[in-house]
Amino acid sequence: MPSSPPPPSTPPSSPAPPSQATGLLLAFLGAIAFSGKAIIVKLAYRHGVDAVTLIMYRMLFALPIFAVMAWWASRGRAPLTRRDWAGVAWLGFTGYYLASFLDFAGLAYVSASLERLILYLNPTLVVLLGWALYGRRVRWPQMVGMGISYCGVLLVFGSEASLQGPHVAWGVLLVFLSAVSYAVYLVYSGEMVRRLGALRLVGLATTVACLCCLLQFAVLRPWSAALVAPEVVWLSLLNATLCTAVPVLLVMLAIERIGADLTAQTGMIGPLSTILLGVWLLGEPFTPTVAAGTVLVIAGIYVFTRMARRPSA
């Protein structure tokens, strides 16, 4: 997300308070760690693994971490009701399992850079779902911001399709549906977060998602499919820790220090870091079209989020 100007009470020349500086650093590192997921997935695909097997390994390694997170956040709390468990199962399925699987599947067809730009549109999808489901008002400046961002994605998509062929459209659709699935999770999770707490809900929902991915592999693949190259195992372990569990904790610690808005704004570094890592580690081309599309997406989200934070007239 875009950076906002410092509060008027803070002189421009004054250094940030230690807690704020630490929070910004944590948010910065969390955004970069999250963006590394696409790079690791693309590297793993080079070893002949498919999406079902790859996400199984990621969730297998992540399961103990999220189970401990759920246990820790549930200590001393009231047990969940049947309604709570149903909500957790639904949110875990849509927000983490389905969104993650569609994302992994889409990355087999599109570049890491294009994938990150599509996922960066998530705030606009949340607002559009709010409008469609609850009739919430969308301001015209927000629509302008959305239009700018979507033009940026279309620009990069057109460039990539001309170089790699029509299968890129299938990958874009899968990643976009992943973003929609996660937006559904965000829209419906508000009440559950207030009732259960953010850490408890994340731990429980991601545990559900991990179990779904393991069950999916057991149903769709023979056990022999688990015999993969050692590089896939190590990349999956890195994905589960450095690019999944660690950034979740970093972002939560950042929110405690600088708030959700500023933490979200720091996320604007995500698409940029994905592009740079893609060029460095994957050899993906960085063309003027990709640069222009990235600028449009970030500028559009900047306009969109600024308008969303302004009070209604």
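Structure first, text after, so check above.
Residues numbered from 1 in each chain as written. Predicted model: local features only at pLDDT ≥ 70, side-chain atom pairs only at ≥ 80, totals over all residues. Heavy atoms only, no water.

1. Observations regarding the nonpolar core
- Among the nonpolar cores identified, the biggest contains 50 residues, and Y45, L54, V88, F104 and L201 are the most heavily contacted of them.
- Per-element tally for this core: the top contributor is helix α2 (residues 51–74), with 12 residues.
- Once residues within four sequence positions are removed from consideration, V88 is found in contact with L80, M192, L196, L201, L204, A205 and V208.
- Counting 23 residues, the second largest nonpolar core, distinct from the first, contains L114, I118, Y120 and L129. (Core = buried A, V, L, I, M, F, W, Y, C linked by side-chain atoms within 4.5 Å. Buried < 20%, exposed > 50% of the residue type's maximum accessible area, 1.4 Å probe, protein only. Helix = DSSP H or I, 4+ residues; strand = E, 2+ residues; numbered from the N terminus. Contact = heavy atoms within 4.5 Å.)

2. Overview of the pattern of salt bridges
- Applying the stated criterion to the full structure yields 4 salt bridges.
- When the shortest N-O distance is used, the salt bridge between K37 and E115 registers 2.7 Å. You can see K37 sitting in helix α1 (residues 18–45) and its partner E115 sitting in helix α4 (residues 112–119), a full 78 residues away along the chain.
- We classify K37 as buried; its relative accessible area is 8%.
- Looking at E115, the relative accessible area reads 0%, which means it is buried.
- What you see here is one network of salt bridges that share partners, running through K37, D103 and E115. (Salt bridge = Lys/Arg side-chain N within 4 Å of Asp/Glu carboxyl O.)

3. What about helix α11 (residues 269–282)?
- Here α11 spans 19 Å end to end across 14 residues, near enough to the 20 Å set by a 1.5 Å rise per residue.
- Along α11, the residues that are buried comprise G270, P271, S273, T274, I275, G278 and L282.
- One or two residues past the end of α11 sits G283, with phi positive at roughly 75 degrees. (Expected span 1.5 Å × (residues − 1).)

4. Points about the packing of α2 against helix α3 (residues 82–106)
- Where α2 meets α3, the closest approach of the two axes is 9 Å, and the angle between their N-to-C directions is 130 degrees. Relative to α3, the element α2 lies oblique. Classified by chirality, the crossing of α3 by α2 is right-handed. Mapping the contact onto sequence places A51, V52, L54, I55, R58 and M59 in α2 and Y96, S100, F101, F104 and A105 in α3.
- By residue class, the composition of the contact of α2 with α3 is 9 nonpolar, 1 polar and 1 charged. (Axes fitted to C-alpha atoms, helices over the stretch in contact; angles between N-to-C directions. Parallel < 35°, antiparallel > 145°, perpendicular 65-115°, else oblique. Left-handed = near helix turned anticlockwise from the far one by under 90°. Nonpolar A, V, L, I, M, F, W, Y, C, P; charged D, E, K, R; others polar.)

5. A word on the packing of aromatic side chains
- A complete count under the given rule lists 7 aromatic pairs for this structure.
- A cation over a ring is seen here: R75 above W72, with NZ or CZ 3.6 Å from the ring centre. (Phe/Tyr/Trp six-rings, centres within 6.5 Å; stacked < 30°, edge-to-face > 60°. Lys NZ or Arg CZ within 6 Å of the ring centre and 35° of its normal.)

6. Comments concerning the environment of S149
- Assignment of secondary structure puts S149 in helix α6 (residues 140–164).
- In the structure, S149 is positioned 74 residues away from W223 in sequence and 43 Å away in space, judged by C-alpha atoms.
- Apart from residues lying up to four places away in sequence, S149 is in contact with L121, L296, V297, G300 and I301.

7. Considering the side chain of S111
- One can find S111 in the loop between α3 and α4.
- Of the polar contacts made by the side chain of S111, one reaches the side chain of E160; its length is 2.7 Å.
- In this structure, S111 is in contact with K42, E160 and E284, ignoring residues within four places of it in sequence. (Polar contact = N/O pair within 3.5 Å; in protein donor to acceptor, adjacent residues only side chain to side chain.)

8. Considerations on the environment of A99
- If you trace the backbone, A99 turns up in helix α3.
- Along the sequence, A99 and L211 sit 112 residues apart, while their C-alpha atoms lie 14 Å from each other.
- Each residue touching A99, except ones within four places of it in the same chain, is listed here: T94, S178, S181 and Y182.

9. Regarding the packing of helix α5 (residues 122–134) against α6
- Viewed as axis vectors pointing N to C, α5 and α6 meet at an angle of 135 degrees, and their least axial separation amounts to 10 Å. As the angle between them shows, α5 and α6 are arranged oblique. The element α5 and its partner α6 pack so that their crossing is left-handed. Touching T124, L125, V127 and L128 of α5 are Q142, M146 and Y150, all from α6.
- Class assignment for the residues of the contact of α5 with α6 results in 5 nonpolar, 2 polar and no charged.

10. Here's the deal with α6
- Its 25 residues place the ends of α6 36 Å apart at the C-alpha level, agreeing with the 36 Å of an ideal helix rising 1.5 Å per residue.
- Where α6 is concerned, the buried positions are P141, Q142, G145, M146, S149, G152, V153, V156, S159 and E160.
- Phi turns positive one or two residues past the end of α6, at G165, with a value near 105 degrees.

11. Remarks on the side chain of S113
- Tracing the sequence through the fold places S113 in helix α4.
- When residues no more than four places from it in sequence are discounted, the contact partners of S113 are T274, I275 and E284.

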